[in-house]
Amino acid sequence: MNWKVLKTEEDYNKASIRMMELFHAEPNTPESDELDLLIVLIKDYDEKHYQLPELDALEVIKIKMQEMGIKAKDLETIIGSKGHVSAILSGKREITLKMAQKLKNYFGIPADVFLHSA
């Protein structure tokens, strides 16, 4: 199919269904190229039509800690000293780019979640 900018909910739904069909396409194939295009088109439609809530980085960290059953001391290898961890979790200190990268890897969450903290 020749895909164009998604303008209607119907276009969006068709593209979403097709994207799911192609989700496991082999790299460097026409299906993979179509998947890449659909991802861009769907993202564009989402950004124009849906307002996503801002995520609070500290809440995300606390939720992930609870899900994983970890304590603040477990973050010392990622963030730094006990004082650094405490300052980050209390919101007194900003998350640096280096910390965001480490948190991304540790929690499996996009780094930009940690860089848009309130």
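Before reading further, recall that the structure is shown in the block above.
The structure reproduced in this document is the subject of the present report. (Residues numbered from 1 in each chain as written. Predicted model: local features only at pLDDT ≥ 70, side-chain atom pairs only at ≥ 80, totals over all residues. Heavy atoms only, no water.)

Further remarks concern the overall build of the protein. The number of helices and strands found in the protein is seven helices and zero strands. Put simply, the protein runs from its N terminus to its C terminus through helices and strands in the order α-α-α-α-α-α-α. Dimensions of the protein along its principal axes, counting C-alpha atoms only, are 55 × 30 × 25 Å. For the protein, with 118 residues in total, the buried portion stands at 31%. Taking contacts inside the protein between residues at least 6 apart in sequence as the whole, the part at least 24 apart equals 51%. The centroid of the 16 positive side-chain charges in the protein is displaced by 10 Å from the centroid of its 20 negative side-chain charges. (Helix = DSSP H or I, 4+ residues; strand = E, 2+ residues; numbered from the N terminus. Buried < 20%, exposed > 50% of the residue type's maximum accessible area, 1.4 Å probe, protein only. Contact = heavy atoms within 4.5 Å. Lys, Arg positive; Asp, Glu negative; His and termini not counted. Charge placed at Lys NZ, Arg CZ, Asp CG, Glu CD.)

Core analysis: the biggest nonpolar cluster contains 21 residues, and Ile-61, Leu-75, Ile-95, Phe-107 and Phe-114 have the highest contact counts within it. Among the elements of the structure, helix 3 (57–68), helix 4 (76–79), helix 5 (82–89), helix 6 (97–107) and helix 7 (111–115) are those that each provide at least two residues to this core. Considering every element that reaches this core, the biggest residue donor is helix 3, with five residues. Membership of the second largest hydrophobic core comes to 11 residues, among which are Trp-3, Tyr-12, Leu-38 and Leu-41. (Core = buried A, V, L, I, M, F, W, Y, C linked by side-chain atoms within 4.5 Å.)

Counted under the stated rule, the structure contains four aromatic pairs. Ring geometry for Tyr-12 and Tyr-50: centres 6.1 Å apart, planes at 55°, overall tilted. Separated by 38 residues along the polypeptide, Tyr-12 in helix 1 (residues 9–22) and Tyr-50 in the loop between helix 2 (30–49) and helix 3 bring together distant segments of the chain. Joined through ring pairs, the aromatic side chains of Tyr-12, Tyr-45 and Tyr-50 make up one cluster. (Phe/Tyr/Trp six-rings, centres within 6.5 Å; stacked < 30°, edge-to-face > 60°.)

Turning to the pattern of salt bridges, a few remarks are in order. Scanning the model with the defined rule gives six salt bridges in all. Taking the shortest distance from any N to any O, the salt bridge between Lys-14 and Glu-10 comes out at 3.3 Å. Here the residue Lys-14 and the residue Glu-10 both occupy positions in helix 1, the gap between them amounting to four residues, near one helical turn. Under the relative-accessibility criterion, Lys-14 is labelled partly exposed at 43%. Among the ionic pairs, Glu-47 bridges to Lys-43, the shortest N-O distance being 3.4 Å. Remark: Lys-43 and Glu-47 occur in helix 2; sequence separation between them is four residues, near one turn of the helix. (Salt bridge = Lys/Arg side-chain N within 4 Å of Asp/Glu carboxyl O.)

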